[in-house]
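Tertiary structure, described
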Amino acid sequence: MKIEFCQVTIDRPGRPGALNCVDCILDSDLSGCWAVLGANGAGKSTMLEAVPGLLLPSRGGVLVVAIPVETKNLPRVRGRVG
């Protein structure tokens with residue numbers, strides 16, 4: 001499975017820029033295991049909540065297996081992630 005973050009910025013109420021311009025690719029074909037590490041408030045949960053579309057970016061985009069994480073695609077995306 002491949003998950004891509006392309007210049008993703010996510011604002012949370014009271015915390016603008018919870019994620020700010022994140023670029024990364026998580027590809028299980030390249031690595032069988034991933035870890036998201038960081039200090040409290042670094043944006044780990046925000047990043048992971050963007051994968052199934054629980055939070056949508058204010059800028060940039062998230063792709064799950066080349067499917068854009070957008071409102072219209074949420075059933076397809078959520079069928080691929082758990």
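Here the structure is a predicted model, which means the values were calculated and not measured.

Counted under the stated rule, the structure contains one salt bridge. One salt bridge in this structure joins arginine 12 and glutamate 49, with 2.6 Å as the shortest N-O distance. Here the residue arginine 12 occupies a position in strand S1 (residues 2–12), and glutamate 49 occupies one in helix H1 (residues 44–50), the gap between them amounting to 37 residues. Classification of arginine 12 as partly exposed rests on a relative accessible area of 24%.

Turning our attention to the state of the cysteines. Under the criterion given, the structure shown has zero disulfides. Counting only cysteine sulfurs, cysteine 24 is the nearest neighbor of cysteine 6, a cysteine outside any disulfide, at a range of 9.0 Å.

Our focus in this paragraph is the confidence of the model for the protein. Put simply, the protein has an average pLDDT of 91, and 99% of its residues get 70 or more. Per-element confidence in the protein ranges from a low mean pLDDT of 87 for strand S2 (residues 15–27) to a high of 98 for strand S4 (residues 67–68).

Bringing the nonpolar core into the picture now. Counting residues in each nonpolar core, the largest one holds 18 residues, and the members touching the most others are Ile3, Phe5, Val62 and Val64. Among the elements of the structure, S1, S2, H1, strand S3 (59–64) and helix H2 (74–78) are those that each provide at least two residues to this core. When residues of this core are assigned to their parent elements, the largest contribution, four residues, is made by S1. In contact with phenylalanine 5, other than residues within four places in its own chain, are Val22, Asp23, Cys24, Leu26, Met47, Ala50, Val51, Gly61 and Val62.

Let us look at unusual backbone geometry. Unusually for a residue other than glycine, cysteine 21 sits at a positive phi of about 55°. Here cysteine 21 shows up in strand S2. One non-glycine residue, alanine 66, lies in positive phi territory at about 65°. Along the polypeptide, alanine 66 turns up in the loop between S3 and S4.

Parameters at a glance
Residues numbered from 1 in each chain as written. Predicted model: local features only at pLDDT ≥ 70, side-chain atom pairs only at ≥ 80, totals over all residues. Heavy atoms only, no water. Salt bridge = Lys/Arg side-chain N within 4 Å of Asp/Glu carboxyl O. Helix = DSSP H or I, 4+ residues; strand = E, 2+ residues; numbered from the N terminus. Buried < 20%, exposed > 50% of the residue type's maximum accessible area, 1.4 Å probe, protein only. Disulfide = S-S within 2.5 Å. pLDDT = per-residue confidence, 0-100. Core = buried A, V, L, I, M, F, W, Y, C linked by side-chain atoms within 4.5 Å. Contact = heavy atoms within 4.5 Å.

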